[in-house]
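Structural features, examined
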Amino acid sequence: MSKRFAVFGDPIAHSLSPRIHAAFSRQTNIPLRYDAIRAPAATFESQLADFSREGGAGANITLPLKATVVSLCAELSDFARRIGAVNTLSRRLDGHWRGDNTDGPGLIGDLSVRHRIDLCGRRVLVLGAGGAARAAAFALLEAHVESITIANRTRERAVALADALAEPDRVTTALPAALDGMPAFDLIVDATSAGHNGTDLALPSTLFASNTIAYHLSYGKAATSFLARARAVGAQRSFDGLGMLVEQAAEAFAIWHGIRPDTTNIYADLRAEDVRILVSE
Ligand code: ATR
């Protein structure tokens, strides 16, 4: 019988995860069932308990549940513990959940393998200080970037993230207004949710040089404005987060099934389908 997997979140209707895992299943000849389950925060715990009772072997966890689920795990990977968020659950033999976070490795895999970017020694600007920024910043530090500047509308959250990163020699914070006049960065990562609520970040053009890489952690409409701005002011390489989505799924698949699938075809299929998704290489 096929093992059962699911992604829990709210909203979840447009999740690409069932499709990505179905593609991995065909590629590896590992049969599985993978559903998208709408789980509001108020009912998530009981829904997860039902899923476990029904034999669920693993799950992906997405917004707004990534931090909530931490307390439901009997065991956490080092990375999940450090960032305080879980996006992948695996059911242990004793029935309890282990929590991993594959968002960080997904980002690094997309940047360094798919886009062949050497992260070592790069000066990075991270926009935002929420959960997405946290995963990105921890992963980028592990990938040996030279420095990270965290710019966030709310200063306290930027400072809290910098404190958690605990690398004062490599991490500084800035209010958005202080970005004016800063020299160009090697990599600018938009980890804000501004694009989701239709807001444009007013970013000074001086932050972008022709060799600046612009990366938005979201894909589709939410990434459009930031990537268009980056290109308009001369950044030659700009990417949305579709590749990160596919890579984090591959990392989760590897945790569950012991095989890391090749992501080339499913990435190309999804990219080809949505002309609104922006990427320029
Ligand atoms: P996620 O888990 O997706 O990171 P989050 O924790 O709500 O979501 O974080 C959203 C981030 O986007 C925050 O850094 C937020 O800034 P504040 O900490 O000041 O709230 C940032 N953000 C959201 N809307 C924004 C906007 N219109 N302009 C600038 N930053 C915005």
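Because the structure is a prediction, the values reported are computed rather than measured.

**Thoughts on the overall build of the protein**
On a plain count of helices and strands, the protein comes out with nine helices and 13 strands. Overall, the protein is about 60 × 40 × 35 Å in size when its C-alpha atoms are taken along their principal axes. Split into buried and exposed, the 281 residues of the protein put 52% on the buried side. Within the protein, counting contacts between residues at least 6 apart in sequence, those at least 24 apart form 68% of the total. Only carbon and sulfur atoms are counted for the fraction: they give 52% of the accessible area of the protein, which is about 12,900 Å². Averaging the coordinates of the 29 positive side-chain charges in the protein and doing the same for the 30 negative ones gives two points 3 Å apart.

**Focus on the pattern of salt bridges**
Considering all chains together, one arrives at 19 salt bridges under this definition. Taking the shortest distance from any N to any O, the salt bridge between E247 and R114 comes out at 2.7 Å. With E247 in helix α8 (residues 242-257) and R114 in helix α4 (residues 103-114), this residue pair connects regions lying 133 residues apart in the sequence. Accessibility expressed as a relative area gives 18% for R114, which makes it buried. Salt-bridge contacts for E251 lead to R260; the nearest nitrogen and oxygen are separated by 3.1 Å. Among the residues examined, E251 registers a relative accessible area of 23% and is labelled partly exposed. A residue is classified by how much of its surface remains accessible, and R260, at 38% relative accessible area, is partly exposed. In the salt-bridge network here, residues are joined through shared partners; they are E75, R92, D94, R98 and D100.

**Regarding the sheet that holds strand β2 (residues 32-38)**
Taken in spatial order, the six strands line up as β2-β1-β3-β5-β6-β4 in an open sheet, and their pairing is mixed. Lying at the two open borders of the sheet, with one neighbouring strand each, are β2 and β4 (75-76). Pairing geometry for strand β1 (residues 3-9) and strand β3 (residues 56-61), over five bridges, is parallel. Residue pairing across strands places V7 opposite N60, the latter belonging to β3. Where helix α1 (residues 17-28) meets the sheet, it contacts β1, β2 and β3, and its direction lies at approximately 175 degrees from that of β2. Its contacts with the sheet place helix α2 (residues 41-53) against β1, β2, β3, β5 (88-91) and β6 (97-100), and it is angled at close to 175 degrees to β1.

**Focus on α8**
Across its 16 residues, α8 extends 22 Å between first and last C-alpha, which sits within 8% of the 22 Å expected from 1.5 Å per residue. Taking burial as the measure, the 16 residues of α8 include 13 buried ones, the bulk of the element.

**As for the side chain of S52**
Structurally, S52 can be placed in helix α2. Once you skip the residues sitting within four places of it in the chain, S52 turns out to touch R91, G95 and W97.

**A closer look at the site of the ligand**
Around the ligand there are 15 residues in total, and A129, A132, N152, R153 and T154 lie nearest to it. At a separation of 2.9 Å, an oxygen atom of the ligand approaches a polar backbone atom of A129. The contact in question runs from a nitrogen atom of the ligand to an N or O atom on the side chain of T199, over 3.4 Å. Compared with its free state, where it exposes 650 Å², the ligand has 76% of that area covered by protein. The residue makeup of the shell around the ligand, split by class, is four nonpolar, nine polar and two charged.

**Some thoughts on the packing of α8 against helix α9 (residues 264-273)**
Two elements in contact, α8 and α9, have axes whose closest approach is 10 Å; the angle formed by their N-to-C orientations is 145 degrees. Judged by the sense of rotation from one axis to the other, the crossing of α8 with α9 is right-handed. Across the interface between the two elements, L242, G243 and V246 of α8 pack against I266, Y267, L270 and R271 of α9. Partitioned by chemical class, the residues of the contact of α8 with α9 number five nonpolar, one polar and one charged.

What counts as what
Residues numbered from 1 in each chain as written. Predicted model: local features only at pLDDT ≥ 70, side-chain atom pairs only at ≥ 80, totals over all residues. Heavy atoms only, no water. Helix = DSSP H or I, 4+ residues; strand = E, 2+ residues; numbered from the N terminus. Buried < 20%, exposed > 50% of the residue type's maximum accessible area, 1.4 Å probe, protein only. Contact = heavy atoms within 4.5 Å. Areas by Shrake-Rupley, 256 points an atom, 1.4 Å probe, with all protein chains shown as cover. Lys, Arg positive; Asp, Glu negative; His and termini not counted. Charge placed at Lys NZ, Arg CZ, Asp CG, Glu CD. Salt bridge = Lys/Arg side-chain N within 4 Å of Asp/Glu carboxyl O. Pairing = 2+ DSSP bridges. Axes fitted to C-alpha atoms, helices over the stretch in contact; angles between N-to-C directions. Expected span 1.5 Å × (residues − 1). Near = heavy atom within 4 Å. Polar contact = N/O pair within 3.5 Å; in protein donor to acceptor, adjacent residues only side chain to side chain. Nonpolar A, V, L, I, M, F, W, Y, C, P; charged D, E, K, R; others polar. Left-handed = near helix turned anticlockwise from the far one by under 90°.

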